[in-house]
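Take a look at the letters that make up each chain.
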Amino acid sequence: MAHRETGDAAAPRIDVTPAVGGGGCTNLPLTARAGPGDDDPAQLTGLIVTYTATLGDGSTTATDQLDGVTLELSYRPPVSVPPTEAVSTPTPGAAAFLDPKNAQTIDTTTSTATLATATPSASVRLGTFAMLPLPEGAVIDKVVLRVSHQADDTTPAPPTPTEPPTPTEPPSPTEPSTSTDLPTATLTVSGTGTACDARHALTAHERALGVDVVDLGACGVTKDDQLTELAVDYAAKLGTGSTDAAVQLDGVELDIVFRSPSLRPLSGCVTAGSGCAVLKSTDDADTATDHSRLVINGTVYTPTAAVDLSMSKVSAQVVTRGIIARTVSLGISPATGYLRPVIGIPPEPVLFTTYPAVIAKPSSVTAVTGFTPPTPGAPVDVTAATIPRGGRASLTLGRYAPPAPVTTGPLDHVVLQVTHHDEGDVESVKMSVDFTGSTCTGVDGALDVPVRPGSSGPVTDQVDLAPCGLTKASQLAGLTVTYTVTAGSGGATEHLGGTRIDLLSGPLVRAAVSFDGHTSTVKQWTVLP
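The structure presented is a predicted model; accordingly, all values stated were derived computationally and were not measured.

Peer 1: So what about the overall build of the protein chain? Which residues, and what values?
Peer 2: For the protein chain, the count of helices and strands is 1 helix and 29 strands. Per-residue burial over the protein chain gives 35% buried out of 529 residues. By sequence separation, contacts in the protein chain at least 24 residues apart represent 73% of the contacts at least 6 residues apart. Surface accessibility of the protein chain: about 29800 Å² in total, with carbon and sulfur atoms responsible for 55%.

Structure follows, in structure tokens:
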């Protein structure tokens, strides 16, 4: 509703009058939304909206402009879930529904029961609804059972009397009544664990199929796991004064209207390390004239995941208002003459934390298969392997000892860096990190290292070891890293350029910095003990 008031005008009033289904709504707020009971499309037929403008208290003049009124509708079709089992068994005092499987779907193909004085009732049980799992976090807006059925009284008409009684002659007290009632029908719900597990009366539909609705949401069903054991029993019995009847059950179906969550928390590898970034760009395919490009006008907000951006000869800002992420890896180089920051920072102060450089490097090899053994005096983790097709090469490194003094407090971050270069058909690269309490060990727990085929040189990947359980420097004692490369059918060559573990603990300086163009201003800084 587009409108504007000038002068001393009171708030406009809106009255809505539907053609059917209630008395309408009066004096609605201008942002009114549909509420319970406003989900019947028939209510829109003949809908009338009255817009009323009035003067404010004590005012003499005002202008109210109404540009237009529109009705916005949101519609989601229900998911129909049929039962997959239907059973009806006759007893000495009850009839059975013939062909009960016809009652598993609403399609005008019915299952019929014939009621008589000797068998005045019949029932059929429907269950094992073919319920598909809803998306995690889905919200159920509506869940109902639809029952399509028909009940006809087939009691024979009484014989026509030969001589009508005189007006003054009262009827005989033993003469049976000629009036009969239609058969009655009920639907008994079970298995939901809510107030819905009860008998629900249905409307008698004569001469034609009719649909009744049992609202399960109104009696407590709000989650899909409440429907896994759902079963219903449809029952019918003769009406008062009736001796014969025919009952048809077309079908019972479960209708669900739900909303999938629009935002879901990240999970899996994107939250476990830096090698599986939620946002990643590479320069692997760049040539002298063609370069990969990614430009984001705004902020990248991924506080639980990693961001890894690599580009060369950049002549514009890649991200205009900063990156908020669990870990950020940047390999962005500007083009000649470009002087602005490649990552823009908003004018609000940004907190930077500086840690002392504590690095642990390996000094021994405990096992080697396929890799060239290191020469005496050379770094133990700089080597290469030529791997035949389908083969595997591995190297186990140990004695990662940081320089003294070693912190005894908890570690804020523990980052394992590995520099490598992959050539040929490399199927996988994995690292098993073994220490007391490690969860990143063995075949199932080993960390995946990104394969970098065709890269022009060594690439450094980082893995956060805190999720593996490494939280104290003392856990480095006895720690080993097993680097394993598996080749595909074409064989491969792997170059390992070194490994190191960065221990980030006890920050030295914390500063809040504001950026403005080419300059930066430290708003406040703190030297930490």
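Now that the structure has been shown, the text picks up again.
Peer 1: For the pattern of salt bridges, give the residues involved together with the corresponding values.
Peer 2: Enumeration according to the criterion identifies 10 salt bridges in this entry. Notably, a salt bridge pairs Asp141 with Arg76, separated by 2.1 Å at the nearest N-O pair. Taken together, the residues span a long stretch of sequence, with Asp141 in strand β10 (residues 139-153) and Arg76 in the loop between β4 (62-68) and β5 (79-81) at a distance of 65 residues. The exposure class of Asp141 is partly exposed, given its relative accessible area of 37%. Between Lys430 and Asp448 there is a salt bridge, and its shortest N-O distance comes to 2.4 Å. In this pair, Lys430 is assigned in strand β24 (residues 413-434) and Asp448 in strand β25 (residues 447-449), connecting sequence segments 18 residues apart. Classification of Lys430 as partly exposed rests on a relative accessible area of 29%. Each of Arg76, Asp141 and Arg259 takes part in salt bridges that share partners, so that together they form one network.

Peer 1: Run through unusual backbone geometry, naming residues and quoting values.
Peer 2: Of note, the phi angle at Asp99 is positive, near 50°, even though the residue is not glycine. Looking at the secondary structure, you find Asp99 in the loop between β7 (95-96) and β8 (111-116). Even without a glycine there, the phi angle at Arg207 is positive, about 70°. Relative to the helices and strands, Arg207 is located in the loop between β12 (199-202) and β13 (210-215).

Peer 1: Lay out the side chain of Ser281 with the relevant residues and their values.
Peer 2: Along the chain, Ser281 turns up in strand β16 (residues 279-281). Contact partners of Ser281, with chain neighbours within four places excluded, come to Asp308, Leu309, Ser310 and Met311.

Peer 1: Describe in detail the state of the cysteines, supporting the description with residues and values.
Peer 2: All chains considered together, the criterion is met by 2 disulfides. A disulfide bridge connects Cys196 with Cys219, and the sulfur atoms are separated by 1.8 Å. Its S-S torsion of about 105° marks the bond between Cys196 and Cys219 as right-handed, since a negative value means left-handed. Taken together, the residues span a long stretch of sequence, with Cys196 in the loop between β11 (184-190) and β12 and Cys219 in the loop between β13 and β14 (231-237) at a distance of 23 residues. Two residues share a disulfide in this structure: Cys440 and Cys468, whose sulfurs sit 1.9 Å from each other. Note on the Cys440 and Cys468 pair: the S-S dihedral is about -85°, so by sign convention the disulfide is left-handed. Of this pair, Cys440 sits in the loop between β24 and α1 (442-445) while Cys468 sits in the loop between β26 (459-464) and β27 (480-504), and the two are 28 residues apart along the sequence. Taking the relative accessible area as the measure of exposure, Cys468 reaches 2% and is therefore buried.

Peer 1: Tell me what's going on with a nonpolar patch on the surface, and back it up with residues and numbers.
Peer 2: Taken together, Leu44, Leu47, Val49, Leu66, Val69, Leu71 and Leu73 make up a surface patch of nonpolar side chains, about 600 Å² in accessible area. Tracing the backbone shows Leu44 in the loop between β2 (13-17) and β3 (48-52). With a relative accessible area of 39%, Leu44 lands in the partly exposed category.

Peer 1: I'd love a proper account of the nonpolar core, names of residues and values included.
Peer 2: Leu145, Leu216, Val232, Tyr234, Leu249 and Leu254 are the most contacted members of the largest nonpolar core, which has 38 residues in total. Among the secondary structure elements, those contributing two or more residues to this core are β8, β9 (121-129), β10, β11, β14 and β15 (244-259). The element best represented in this core is β15, accounting for 6 residues. Setting aside residues no more than four positions away along its own chain, Val232 makes contact with Val124, Arg125, Leu126, Phe129, Leu145, Leu187, Thr188, Val189 and Val252.

Peer 1: For the pairing of β12, give the residues involved together with the corresponding values.
Peer 2: On a regular strand, each side chain points to the face opposite its neighbour's, so the side chains alternate between the two faces of the sheet. Burial of β12 is one-sided: the residues His200 and Leu202 facing one way are buried, the residues Arg199 and Ala201 facing the other way are not. As defined by bridge partners, β11 adjoins β12 across 4 bridges and the pair is classed as antiparallel. Along β12, the bridge assignment pairs Thr186 with Ala201.

Peer 1: Describe the pairing of β24, with residues and values.
Peer 2: Bridge analysis of β24 against β27 gives 20 bridges, and the strand direction is antiparallel. The partner of Val429 across the bridge, within β27, is Val485. As paired strands, β24 and β26 are joined by 6 bridges and run antiparallel to one another. Of the residues in β26, the one forming a bridge with Val415 is Asp464. Across 3 bridges, β24 lies against β25 in antiparallel orientation. Pairing of Val429 across the sheet is with Val449, part of β25.

Peer 1: Quick rundown of the sheet that holds strand β17 (residues 300-314)? Include the residues and the values.
Peer 2: Read across the open sheet, the 3 strands follow the order β16-β17-β18; overall the sheet is parallel. Edge positions in the sheet fall to β16 and β18 (323-334), since each of these pairs with one other strand and no more. Direction aside, neighbouring strands of the sheet carry axes that sit 5° apart on average. Relative to β17, β16 runs parallel, the two sharing 3 bridges. Within the sheet, the bridge partner assigned to Ser281 lies in β17 and is Leu309.

Peer 1: Can you tell me about the environment of Tyr338, naming the residues and giving the values?
Peer 2: With respect to the helices and strands, Tyr338 occurs in the loop between β18 and β19 (350-354). Sequence separation of Tyr338 and Ser315 is 23 residues, and the distance between their C-alpha atoms is 5.8 Å. Beyond its immediate chain neighbours, meaning those up to four positions away, Tyr338 contacts Val314, Ser315, Ala316 and Gln317. Looking at Tyr338, its side chain comes within polar contact range of the main-chain nitrogen of Gln317, at 3.3 Å.

Criteria and thresholds
- Residues numbered from 1 in each chain as written.
- Predicted model: local features only at pLDDT ≥ 70, side-chain atom pairs only at ≥ 80, totals over all residues.
- Heavy atoms only, no water.
- Helix = DSSP H or I, 4+ residues; strand = E, 2+ residues; numbered from the N terminus.
- Buried < 20%, exposed > 50% of the residue type's maximum accessible area, 1.4 Å probe, protein only.
- Contact = heavy atoms within 4.5 Å.
- Areas by Shrake-Rupley, 256 points an atom, 1.4 Å probe, with all protein chains shown as cover.
- Salt bridge = Lys/Arg side-chain N within 4 Å of Asp/Glu carboxyl O.
- Disulfide = S-S within 2.5 Å.
- Patch = residues over 30% accessible without salt bridge, like charges linked within 9 Å, V, L, I, M, F, W, Y side chains within 5 Å.
- Core = buried A, V, L, I, M, F, W, Y, C linked by side-chain atoms within 4.5 Å.
- Pairing = 2+ DSSP bridges.
- Axes fitted to C-alpha atoms, helices over the stretch in contact; angles between N-to-C directions.
- Polar contact = N/O pair within 3.5 Å; in protein donor to acceptor, adjacent residues only side chain to side chain.

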